[in-house]
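# Residue-level structural notes
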Amino acid sequence: MKKWAFFIFSFIQVIWVAGCTEKSFEPIDRNQSFIASINIQEPSLDFIDELGNVIATWSFDKAYTGALLLDNDRILLYGHQLDEIVVFTLSTGKKLYSKKVELGTTNVYYDPDIKQYFIANSKMNTVTSFDVEGNELASQRLGNYPMSMATYKDKLYVVNYKDTKLSVLSIKDLTIEQEWPIGKSSHGIVIIEETNELWVGGHGEGSKPNSSVKRFDLETGVVRGSIEMPLMPVGLTKTKDKVLVVSHGHNELYVVDFKGNVLWEKEVGANPFVVNQFKDYIVVAGYDDHTLYFIKDGQVQKTVDVGKGAFQLLVREEEK
């Protein structure tokens with residue numbers, strides 16, 4: 001009887017240990033440059049090198065809707081319908097830590113200079129700051145559905161997607177310093193420090209879809225002008241000398257200088273939400289055709305098939 005009891009206990013222990021073993025993924029070498037596509041229809045993460053080779057794919061059993069790099073070797077995953085965020089170490093493929101959060105995470109933004117990340121939540125209508133180890137620092141209630149974020153010097157700028165205001169917060173304690181009037185359903189934000197401006201894109205609302213990027217004075221919030229775009233310019237990325245904008249309403253990429261002049265444009269992808277720069281390429285993700293487009297000198301040089309619903313792009317380039 002004792003032998004049977006010991007056997008059953010040991011068997012239960014084996015099952016418990018196996019069930020609690022954390023899933024790990026294919027490691028990514030620390031020196032490997034990549035562009036990673038976060039795919040949300042069938043949640044996965046594709047890592048791609050500059051030759052267009054898929055070097056690894058992480059497939060998930062949870063509905064992650066976004067990710068960001070925490071410095072060189074950590075990646076944070078989150079989901080709008082998930083009650084936790086998870087941080088993995090890329091070079092091992094193993095989970096570093098997870099942290100309980102409220103349902104409704106719309107976006108997470110990382111500032112590498114101060115080594116803090118900020119979580120925007122649409123159900124609580126809050127933004128909360130954390131250090132890289134996941135320790136909460138401060139929290140603030142904002143407008144309806146905070147989502148797009150950017151930092152500059154000692155301020156955090158937050159677009160409230162289902163509201164008509166952009167919130168300017170002190171990074172130190174997240175106190176609200178200013179609120180600027182913006183259009184409802186604004187989405188996408190970049191800071192152009194060279195001209196002391198903040199640019200905001202957006203979907204528009206109802207029968208009035210948005211077809212411009214608004215330019216705001218970075219200190220006062222006064223509108224300096226707008227840049228006419230195809231319908232729904234929502235993906236904005238700043239490079240060293242230009243701004244890349246994708247409009248998912250018309251499947252268009254616009255390349256713009258810091259003064260707001262359109263340098264060139266190209267129809268590309270099916271329903272693109274995001275664009276980024278990787279090495280010498282501009283890369284556009286097609287959400288509906290599950291394809292990355294590598295563009296150089298205004299022309300598509302190669303395409304890469306990725307998982308369904310390419311929604312976000314992360315870039316890591318080898319440190320020299």
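Quick look at the structure, then. (Residues numbered from 1 in each chain as written. Predicted model: local features only at pLDDT ≥ 70, side-chain atom pairs only at ≥ 80, totals over all residues. Heavy atoms only, no water.)

## As for the sheet that holds strand β6 (residues 84–89)
Put simply, the rule is: In short, DSSP must find at least two bridges between two strands for them to pair. Only DSSP runs of H or I reaching four residues or more are called helices, and only runs of E reaching two or more are called strands; each is numbered from the N terminus. Only the stretch in contact is used when fitting a helix axis, every axis being a line fitted to C-alpha atoms; angles between N-to-C directions are given from 0 to 180 degrees.
Pairing in this open sheet of four strands is antiparallel, and the strands run β4-β5-β6-β7 from one edge to the other. Either end of the sheet is taken by a strand with one partner, and the two such strands are β4 (66–70) and β7 (94–100). Across the sheet, the mean angle separating the axes of adjacent strands is 20° when strand polarity is ignored. The pairing of β4 with strand β5 (residues 74–78) spans five bridges and is classified as antiparallel. The residue of β5 that forms the bridge with Ala 67 is Leu 77.

## Focus: the side chain of Gln 312
Applied cut-off: Only protein chains enter the accessibility calculation, which uses a 1.4 Å probe; a residue is then buried when its area is under 20% of its type maximum, exposed when over 50%, and partly exposed in between. Nitrogen and oxygen atoms within 3.5 Å of one another constitute a polar contact, given that in protein one can donate a hydrogen and the other can accept it, and given that sequence-neighbouring residues count only through two side-chain atoms. Whether two residues are in contact is decided by their heavy atoms, any of which lying within 4.5 Å being enough.
If you trace the backbone, Gln 312 turns up in strand β30 (residues 310–316). Residue classification places Gln 312 among the buried residues on the basis of a relative accessible area of 17%. A polar contact of 2.7 Å, which involves the side chain of Gln 312, links it to the backbone oxygen of Ala 67. If sequence neighbours within four positions are ignored, Gln 312 has contacts with Ala 36, Ser 37, Ile 38, Thr 65, Gly 66, Ala 67, Tyr 78 and Val 274.

## Observations regarding the sheet that holds strand β1 (residues 34–39)
An order of β3-β2-β1-β30 is seen for the four strands of this open sheet, with the pairing classed as antiparallel. A strand with exactly one partner marks an edge of an open sheet, and here the two such strands are β3 (54–59) and β30. Taken pair by pair, the neighbouring strands of this sheet meet at an average axis angle of 20°, ignoring direction. As paired strands, β1 and β30 are joined by six bridges and run antiparallel to one another. Following the sheet pairing, Phe 34 is matched in β30 by Arg 316.

## Some words on the pattern of salt bridges
Here is the rule: Think of a salt bridge as a Lys or Arg side-chain nitrogen and an Asp or Glu carboxyl oxygen that are within 4 Å of each other.
This structure, assessed with the given rule, holds 14 salt bridges. The partner of Glu 84 in a salt bridge is Lys 62, and the shortest N-O contact between them spans 2.7 Å. Taken together, the residues span a long stretch of sequence, with Glu 84 in strand β6 and Lys 62 in the loop between β3 and β4 at a distance of 22 residues. Owing to a relative accessible area of 15%, Glu 84 belongs among the buried residues under this scheme. The class for Lys 62 is partly exposed, based on a relative accessible area of 36%. Close ionic contact of Asp 217 with Arg 224 constitutes a salt bridge, the shortest N to O distance being 2.7 Å. Given a relative accessible area of 12%, Asp 217 falls into the buried group. Assessed through its relative accessible area of 41%, Arg 224 is described here as partly exposed. Taken together, the shared-partner salt bridges in this structure form one network comprising Glu 197, Arg 215, Asp 217 and Arg 224.

## With respect to unusual backbone geometry
Phi at Asn 196 takes a positive value of approximately 60°, unusual for a residue other than glycine. The phi torsion at Lys 279 lies on the positive side, around 55°, for a residue other than glycine. Note on placement: Lys 279 falls in the loop between β26 (272–278) and β27 (281–286).

## Focus on the environment of Leu 169
Mapping Leu 169 onto the fold places it in strand β14 (residues 165–170). Separated by 43 residues in sequence, Leu 169 and Ser 212 have C-alpha atoms that sit 25 Å apart. The contacts of Leu 169, once residues within four sequence positions are left out, are Val 127, Gln 140, Leu 142, Asp 154, Lys 155, Leu 156, Val 158, Leu 174, Thr 175, Ile 176 and Glu 177.

No statement about biological role is implied by the geometric values presented.
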